[in-house]
Amino acid sequence: MQPPFDVAVVGGGAAGASCAVHLALAGFNVVVLEQGPSPRSKPCGGGMAASVQQWFPFALSPAVDQVIRRVRFTWCLEDPVVAELPGEAPFWIVQRQRLDAHLLQHATAAGAELRQNWPVHALQRLGTLWELQGPAGSLRARAVVIAAGSSSALGAPLALGSPRPRYASTIAVEVSAPVQESETARFDFGLVHHGFCWSFPRQGGYSIGLGTFIGREPADGQTVLEQLLPDLGLEADSGVRTSCALRIWDGHHRLHGDGVVVVGDAASLCDPFLAEGIRPALLSGTAAAASLGQWLRGDGQALALYSARMRREWGESMAWGKRIAQVFYRVPRIGYQLGIKRPTAPQRIAQILSGQMGYGDIAQRVIKRLLFQQG
Ligand SMILES: Cc1cc2nc3c(=O)[nH]c(=O)nc-3n(C[C@H](O)[C@H](O)[C@H](O)COP(=O)(O)OP(=O)(O)OC[C@H]3O[C@@H](n4cnc5c(N)ncnc54)[C@H](O)[C@@H]3O)c2cc1C
């Protein structure tokens, strides 16, 4: 039988690939098990704070499609507010497929093994090892990283992550077209019930989408797109459309067990207000690799440090993001007037999107303002 790997990573998306690359660079024997072919296309706007670069010892620029310098907010496509993003190139649009492939390429160059078309169906603890089973057979590893995305069911039996995950409903549209205002990302509140829609420019077209954050179905999705696309100078029915459920942050949960951690969407880390999921996927992959490295070297407490770090560096901000979302998306018109249209608000949102600020820095004032106006 094949000797056990140090770490088996289940899922080759942003979270799994970032974990694998750090572990492989640290000299561990890593296998990435990806259920599909790799790279795998997935619905994602690709908007990402450039500050994630700090977590990687190699340039992420090959995955960057567009640098965003301006964010434009509207209410039902009108009443615009424009925020100039602070600093040098703080917000990127990446091609998700290229980002995942880039990270996996560095992981394999550092010695990780990538097995494609290898869906993991079950995990079992056998003494000090884990056995991973799938139709392609089984293999053993000292530690497991569950990085299998929003639809993953692998964490629940191990009591990792949220026991009853919450989901946003999304529709993603990829449109090939000449791009106007290539440095401006757009967000509209008001067209989507309990949510928002966005349009991100990329090379040769736009990544457009909408998400509903309270309740499950964006019932008005097609109607919204019929209004949004012509506003961008596009045919109302243009683009390739994909609907999917996105697991969002819904509370502080344990993200580690005995030789196992959960990262990215599988750990319900996605921002419940603005659907930012790439940054927490990369952060959790990086943080999990650091803790697993210590654990594999014999520090039995190291995995608990991963859960604690994610709570401190991400969860505390998301707890405020969830409260803001619950108030804002119930009274979005008031939210837009009092939250977005304030002179300082666009700059604050830009700072949150570029990773310079957390929701906790603004939340108490925003919520008080919204509740006071409601009452
Ligand atoms: C429409 C839409 C737009 C979005 N736009 C943005 C955006 O602009 N900015 C942003 O920050 N976030 C965005 N997000 C969120 C972001 O895409 C996710 O949070 C991010 O992809 C999470 O990465 P991940 O690695 O955890 O999961 P994924 O990228 O989903 O990767 C999981 C991987 O695991 C594999 N897998 C699943 N099950 C198994 C199994 N049993 N065995 C083996 N492999 C398995 C899958 O094939 C997949 O490759 C968007 C999401 C949606 C739906």
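Some remarks on the packing of aromatic side chains
Line of reasoning, step 1. Counted under the stated rule, the structure contains 18 aromatic pairs.
Line of reasoning, step 2. Seen from their ring centres, Phe196 and Trp198 are 5.6 Å apart, and the 50° between their planes marks the pair as tilted. Of the two residues examined, Phe196 and Trp198, each falls in the buried class.
Line of reasoning, step 3. In this arrangement the basic side chain of Arg323 is found over the ring face of Trp320, its NZ or CZ atom lying 4.3 Å from the centre.

Description of the pairing of strand β15 (residues 205–212)
Line of reasoning, step 1. Summarising burial for β15: eight of the eight residues are buried, a large majority.
Line of reasoning, step 2. Going residue by residue along β15, you find Gly205, Ser207, Gly209 and Gly211 tucked away on one face and Tyr206, Ile208, Leu210 and Thr212 tucked away on the opposite face as well.
Line of reasoning, step 3. Judged from the eight bridges that link them, strand β14 (residues 195–202) and β15 form a sheet pairing that is antiparallel. Looking at β15, one finds that Phe196 is bridged to Gly211.
Line of reasoning, step 4. Here β14 folds back onto β15 in antiparallel fashion, the turn holding two residues, of which Gly204 has a positive phi close to 80°.

Focus on the site of the ligand
Line of reasoning, step 1. Close contacts around the ligand come from 35 residues, with Glu34, Gly45, Gly47, Arg96 and Asp265 the closest.
Line of reasoning, step 2. Between an oxygen atom of the ligand and a side-chain N or O atom of Arg40, the distance comes to 2.9 Å.
Line of reasoning, step 3. A distance of 2.9 Å separates a nitrogen atom of the ligand from a polar atom in the backbone of Val120.
Line of reasoning, step 4. Protein chains shield 92% of the accessible area of the ligand, which is 1,000 Å² for the free molecule.
Line of reasoning, step 5. Those elements that provide at least two residues to the shell around the ligand are α1 (14–25), β12 (166–176), β14, β16 (240–248) and α4 (278–296).
Line of reasoning, step 6. Class assignment of the residues belonging to the shell around the ligand gives a composition of 19 nonpolar, 10 polar and six charged.
Line of reasoning, step 7. When we break the shell around the ligand down by domain, the ones giving at least three residues each are domain 1 (5–69 + 88–163 + 253–318) and domain 2 (166–247).

A closer look at the environment of Phe328
Line of reasoning, step 1. In this fold, Phe328 is placed in helix α5 (residues 302–328).
Line of reasoning, step 2. Phe328 sits in the buried class, given a relative accessible area of 3%.
Line of reasoning, step 3. In this structure, the C-alpha to C-alpha distance between Phe328 and Ile340, residues 12 residues apart in sequence, is 10 Å.

With respect to the domain arrangement of the chain
Line of reasoning, step 1. When the domains of the chain are assigned, the result is domain 1 (5–69 + 88–163 + 253–318), domain 2 (166–247) and domain 3 (322–374).
Line of reasoning, step 2. Computed from C-alpha coordinates alone, the two centres of domain 1 and domain 2 are separated by 27 Å.
Line of reasoning, step 3. Of the residues lining the interface, 23 residues belong to domain 1; the matching set on domain 2 comes to 21 residues.
Line of reasoning, step 4. When the two sides are added together, the surface that domain 1 and domain 2 hide from each other amounts to roughly 1,900 Å², 57% of it contributed by carbon and sulfur.
Line of reasoning, step 5. By the criterion of area lost to domain 2, the three top residues of domain 1 are Pro43, Gln66 and Ser150, representing 25% of everything that side buries.
Line of reasoning, step 6. Our count for the contact surface shared by domain 1 and domain 2 stands at one salt bridge.
Line of reasoning, step 7. A salt bridge links Glu183 to Arg69; its shortest N-O distance comes to 3.4 Å.
Line of reasoning, step 8. Between domain 1 and domain 2 we count seven residue pairs in polar contact (both at pLDDT 80 or more) in total.
Line of reasoning, step 9. In terms of residue count, the dominant contributor to the side of domain 1 that touches domain 2 is strand β4 (residues 64–68) (four residues).

What to know about the sheet that holds strand β13 (residues 184–189)
Line of reasoning, step 1. Strands sit in the order β6-β5-β13-β14-β15-β12-β16 across an open sheet of seven strands; the sheet is mixed. Because the sheet does not close on itself, it has two edges, and the strands there are β6 (78–84) and β16. Looking at each pair of strands side by side, their axes are set apart by 20° on average, direction ignored.
Line of reasoning, step 2. Sheet topology places β12 next to β16; nine bridges connect them, and they run antiparallel. The residue of β16 that forms the bridge with Tyr167 is Arg247.
Line of reasoning, step 3. Here helix α7 (residues 345–353) sits on the sheet in contact with β5 (70–75), β6 and β13, set at roughly 55° to β6.

A look at the sheet that holds β4
Line of reasoning, step 1. Sheet architecture is open: three strands sit in the order β3-β7-β4, paired in antiparallel fashion. Only two strands of the sheet have a single partner each, and these edge strands are β3 (47–49) and β4. Averaged over neighbouring strand pairs, the angle between their axes works out to 35° when direction is ignored.

Scoring rules and cut-offs
- Residues numbered from 1 in each chain as written.
- Predicted model: local features only at pLDDT ≥ 70, side-chain atom pairs only at ≥ 80, totals over all residues.
- Heavy atoms only, no water.
- Phe/Tyr/Trp six-rings, centres within 6.5 Å; stacked < 30°, edge-to-face > 60°.
- Buried < 20%, exposed > 50% of the residue type's maximum accessible area, 1.4 Å probe, protein only.
- Lys NZ or Arg CZ within 6 Å of the ring centre and 35° of its normal.
- Helix = DSSP H or I, 4+ residues; strand = E, 2+ residues; numbered from the N terminus.
- Pairing = 2+ DSSP bridges.
- Near = heavy atom within 4 Å.
- Polar contact = N/O pair within 3.5 Å; in protein donor to acceptor, adjacent residues only side chain to side chain.
- Areas by Shrake-Rupley, 256 points an atom, 1.4 Å probe, with all protein chains shown as cover.
- Nonpolar A, V, L, I, M, F, W, Y, C, P; charged D, E, K, R; others polar.
- Domains from an automatic or database assignment.
- Contact = heavy atoms within 4.5 Å.
- Buried area = accessible area lost by both parts, 1.4 Å probe.
- Salt bridge = Lys/Arg side-chain N within 4 Å of Asp/Glu carboxyl O.
- Axes fitted to C-alpha atoms, helices over the stretch in contact; angles between N-to-C directions.

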